[in-house]
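# Analysis of the macromolecular model
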Amino acid sequence: MSIFDLTGRVAVITGGNGGIGLGIAQALAAAGCNVSIWGRNADKNKAAAATMAGAKGKIDTRVCDVSDAASVKAAMAATLDSFGRVDGCFANAGIGGGGRRAFIERTEEEWRTMFATNLDGVFHVFQAAARHMTERAASGDAFGRLVATSSLASLFGTARNEHYAATKAGINALCRALAVELARHGVTANAILPGWIKSDMTAGIMANDKFVANVMPRIPVRRFGEPSDFGGIAVYLMSKASSYHTADCFVIDGGYTAF
């Protein structure tokens, strides 16, 4: 699938047991990367790992709640104990808009829940990974990749999912800031933004003929993206080839571009 050989590298995938996260995990493992899947559900984690049987990279799983700092710290410690290092961290966990109610009708609890799951989760995971990566860089091993899954909503807004868009915009800003702060340690930071993607989570939408007929004409290459498209970008971002490609947003929308 890729010209990049990631043998010996180690990547953490949060929310990697379905959809886009699973596509990223499969592509990295196929390229020789060792992969640790972190998710709340042990059975889903194991099922995801089973889909990668026979891959060149070693696979393990961790039960982890990314919104909880202690849970992330424990998962990172266990992953380092298993693999000895973490070279890349793909933060994919999060939740969507949570309904169609207007902004002025939202509760503070809804706001805090959205931020805790989307933005706090990326903060916890990235901080744990960056600490390890910068410590390793101090010993002469400067290599690290931080990648977050964001949303086109963070660029263009979204009707009645305002706080979801806000959290995703915050993730984009975090990646740009980390790209500056961590560059001297050899660590890059990027965001991947899904457009119209076929996955287990969008299956119901894709089954709606009217939706497909309305959206398809808006896609430049006239096809819906696949989770494997994310995988191709993930492999590139994990490789040495992307050493100077940082703070960009890769957009997948029936193909992909970067800006």
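Everything below is about the structure shown above.
Every value quoted in this text rests on a predicted model; they were computed, and no experiment measured them. (Residues numbered from 1 in each chain as written. Predicted model: local features only at pLDDT ≥ 70, side-chain atom pairs only at ≥ 80, totals over all residues. Heavy atoms only, no water.)

Further remarks concern the pairing of strand β2 (residues 34-39). Within β2, six of the six residues are buried, which leaves it mostly tucked inside the rest of the structure. Relative to β2, strand β1 (residues 10-14) runs parallel, the two sharing five bridges. Within the sheet, the bridge partner assigned to Ile13 lies in β2 and is Ile37. Once you follow β1 into helix α1 (residues 19-30) and on to β2, the crossover reads as right-handed. Summarising the sheet, β2 and strand β3 (residues 59-63) pair through five bridges and their orientation is parallel. Across the sheet, the residue bridging to Ile37 is Thr61, located in β3. In this fold, the crossover linking β2 to β3 by way of helix α2 (residues 42-50) has right-handed handedness. (Buried < 20%, exposed > 50% of the residue type's maximum accessible area, 1.4 Å probe, protein only. Helix = DSSP H or I, 4+ residues; strand = E, 2+ residues; numbered from the N terminus. Pairing = 2+ DSSP bridges. Right-handed = clockwise from strand over helix to strand, strands pointing away.)

Core analysis: the biggest nonpolar cluster contains 36 residues, and Trp38, Val72, Cys89, Phe126 and Leu146 have the highest contact counts within it. Looking at this core, the elements with two or more residues in it are β1, α3 (69-83), β4 (88-91), α4 (108-138), β5 (144-149), α6 (162-182), β6 (187-194) and β7 (249-252). A total of eight residues in this core trace back to one element, the largest contributor, which is α4. Among all residues touching Phe126, those that are not within four sequence positions of it are Cys89, Ala91, Leu146, Val147, Ala148, Leu174, Cys175 and Leu178. Residues Val35, Ile37, Phe230 and Ala234 belong to the second largest nonpolar core, which totals 27 residues. (Core = buried A, V, L, I, M, F, W, Y, C linked by side-chain atoms within 4.5 Å. Contact = heavy atoms within 4.5 Å.)

Relative to the helices and strands, Ala53 resides in the loop between α2 and β3. Judged by relative accessible area, Ala53 falls into the exposed class, the value being 65%. On a C-alpha basis, the gap between Ala53 and Ser239 in space is 22 Å, while along the polypeptide they are 186 residues apart.

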